[in-house]
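# An overview of the molecular structure
Residue-level listing of the chains:
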Amino acid sequence: MVDAHQSHREQAPVASPAPSVSIVMPAYQAAGTIARAVASVLAQTLADWELIVVDDGSSDATTAAVHAAAKGDPRVFVRRLSKNIGAAAALNIGWRSSRAELVAILDADDIALPERLAQQRKSLEGQPNISALGAAAHFVDSRGKLLRTVIQPPDHSALQRRRWYRNPFIHSTVMMRRTFLKATGGYADGLPLIYDYDLWMRGFFLGGFEYANLPEPLVLYTTQPIQRWAMVRAGARVRLRAGAREGRLLRACWAATRVLTEGAVEQTGIFSWLHRRP
């Protein structure tokens, strides 16, 4: 599955100590954006990290763009897959081949602000009860224009109360403990979308884990509005999966119906039309 001869670094030296943070970056057809994402990792104030880019069978110059951006930095690895297997499976390959006890996620079209890794590592070191830690994010369009800043609820109880209706994290802001990924089994390979929400819901179900969010924006998160309806439908399916798993199908059906309704209203643009009426 992995073309080792095309990897920037396929394995770290045996004597090399494990870094404090591993960043996993799944990438598919990301030649146009991934250099900026990699550069943002290189610009982190925390230097003790490794970056594992999983090129998920891209046919464009994704891997070449990583090589160019990394400029030979020995902390950067590329795992190039021979075929496209989906982001969830690629993420699993990434974190399972990483070495740090803390695993951070960054999408190939997003940018980590310079203090991101340092702030999250410090917070997790000071709160051993937290298993997964997110942050606020600046949402931008494909040209980098700021659209809005999204701040998630800070504590586990607030995130748990709204878990049926809202994803507790912005995925590209998350740093989590390896113990959490091992206990949950990681991402569900077969899910094409909303695989992160599925993971957090399984963590809620298993219990023994706590989630939290930092209020500071630590990532520039690129939105993809053309995928909005597909994401809404995928989110409804994840809620139904969670309801079946937890024996709470009625709650799950209500949550899925509400999300689908909100998504349909947004898709039609009726509120925008009403706002434009004289």
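Before reading on, note that the structure itself is shown above.
Heads up: these notes are all about the structure in this document.

## A few points about the overall build of the protein
The helix and strand inventory of the protein stands at ten helices and nine strands. Every one of the 278 residues in the protein was classed for burial, and the buried ones make up 49%. Sequence-distant contacts in the protein: of pairs separated by 6 or more residues, those separated by 24 or more amount to 81%.

## Points about the pairing of strand β7 (residues 146-150)
Bridge count for strand β6 (residues 130-140) against β7 is four bridges, and the pairing is antiparallel. If you follow A137 over to β7, its bridge partner there is V150. Adjacent in sequence and paired antiparallel, β6 and β7 are bridged by five residues, among which G144 carries a positive phi angle near 90°.

## Focus on the pattern of salt bridges
Tallying each qualifying case throughout the model produces seven salt bridges. The partner of R99 in a salt bridge is E50, with the nearest N and O atoms 3.1 Å apart. In this pair, R99 sits in the loop between α3 (87-96) and β4 (102-105) while E50 sits in strand β2 (residues 49-55), placing the two residues 49 residues apart along the sequence. Residue classification places E50 among the buried positions, given a relative accessible area of 2%. One salt bridge in this structure joins D198 and R202, with 2.9 Å as the shortest N-O distance. A residue pair is termed a helical-turn pair when its members lie 3 or 4 positions apart in one helix, as D198 and R202 do in helix α7 (residues 195-206) at four residues. The exposure class of D198 is buried, given its relative accessible area of 0%. Here R202 falls in the buried class, since its relative accessible area comes to 13%.

## Here we look at the environment of N84
With respect to the helices, strands and loops of the structure, N84 is situated in the loop between β3 (76-80) and α3. By relative accessible area, which is 40% here, N84 ends up partly exposed. Linking N84 and G57, residues 27 residues apart in sequence, is a C-alpha distance of 4.4 Å. Here the side chain of N84 touches D56 through a polar contact of 2.8 Å, side chain to side chain.

## Some details on helix α8 (residues 228-246)
Along an α-helix, residues three or four apart share an orientation, since each turn contains 3.6 residues. Here α8 is 19 residues long and its end C-alpha atoms lie 27 Å apart, about the 27 Å a rise of 1.5 Å per residue gives. Looking one or two places after α8, you find G247, whose phi comes out positive at around 70°.

## Concerning the layout of surface pockets
Estimated volume of the second largest pocket: approximately 170 Å³. Forming the walls of the second largest pocket are 14 residues, and the residues nearest its centre are R36, D109, D141, S142 and T222. Looking at the lining of the second largest pocket, its residues break down into four nonpolar, five polar and five charged.

## As for the packing of aromatic side chains
In total, this model carries nine aromatic pairs according to the counting rule given. With 6.0 Å between their ring centres and 85° between their planes, F180 and Y211 make a pair best called edge-to-face. Here the residue F180 occupies a position in helix α6 (residues 178-184), and Y211 occupies one in strand β9 (residues 210-222), the gap between them amounting to 31 residues. With respect to class, F180 is no different from Y211; both count as buried. Centroid distance F204 to Y211: 4.8 Å. Interplanar angle 65°. Geometry classified as edge-to-face. Y211 shares its class with F204; the two are buried. Through pairs of rings, three or more aromatic residues link up here, namely F169, F180, W200, F204, F209 and Y211. In this arrangement the basic side chain of R258 is found over the ring face of Y165, its NZ or CZ atom lying 4.3 Å from the centre.

## Notes on the nonpolar core
Ranked by size, the top nonpolar core spans 34 residues in total, and within it V21, I23, M25, I34 and L51 carry the most contacts. Ignoring anything within four residues of it in the chain, the contact list for V21 reads L46, D48, W49, E50, A100, L102, A104, L117, R121 and M175. Formed by 32 residues, the second largest nonpolar core is a distinct cluster that contains F169, Y195, L199 and A234.

Rules used in this analysis
- One numbering rule holds for all chains: residues counted from 1, following each sequence as written.
- pLDDT decides what is reported in this predicted model: residues at 70 or higher carry local features, side-chain atom pairs at 80 or more are listed and counted, and totals for whole chains, interfaces and linings draw on all residues regardless.
- With hydrogens and water excluded, all non-hydrogen atoms of the structure serve as input to the side-chain values.
- Starting at the N terminus, helices and strands are each numbered in turn, a helix being any DSSP run of H or I of at least four residues and a strand any DSSP run of E of at least two.
- Think of it in three bands: with a 1.4 Å probe and only protein chains considered, a residue is buried below 20% of the maximum accessible area for its type, exposed above 50%, and partly exposed in between.
- Whether two residues are in contact is decided by their heavy atoms, any of which lying within 4.5 Å being enough.
- If DSSP finds at least two bridges between two strands, the strands pair.
- Just to be clear on terms, a salt bridge is a Lys or Arg side-chain nitrogen sitting within 4 Å of an Asp or Glu carboxyl oxygen.
- Residues adjacent in sequence count toward polar contacts only when both atoms are side-chain atoms; beyond that, a polar contact is any pair of N or O atoms within 3.5 Å, and within protein one must be able to donate a hydrogen and the other to accept it.
- For a helix, the expected span equals 1.5 Å multiplied by the number of residues minus one.
- The distinction between a cavity and a pocket rests on a 1 Å grid over the protein atoms alone: a 1.4 Å probe fits inside a cavity but cannot get out, while a pocket stays open yet meets protein on both sides within 12 Å along at least five of seven lines, and a residue with an atom within 4 Å of a point counts as lining.
- Grid points are joined across faces, edges and corners, and a volume is the space filled by probe spheres set on the points.
- Each residue gets one label: Ala, Val, Leu, Ile, Met, Phe, Trp, Tyr, Cys and Pro are nonpolar, Asp, Glu, Lys and Arg are charged, and the others, such as Gly, are polar.
- Working definition: rings of Phe, Tyr and Trp (its six-membered ring) pair if their centres are within 6.5 Å, and the pair is stacked with planes under 30 degrees apart, edge-to-face with planes over 60 apart, and tilted otherwise.
- Here, over-ring charges are defined by two tests on the NZ atom of lysine or the CZ atom of arginine: distance to the ring centre within 6 Å, and angle to the ring normal within 35 degrees.
- We call a set of buried residues a nonpolar core when its members are Ala, Val, Leu, Ile, Met, Phe, Trp, Tyr or Cys and they connect through side-chain atoms within 4.5 Å of each other.

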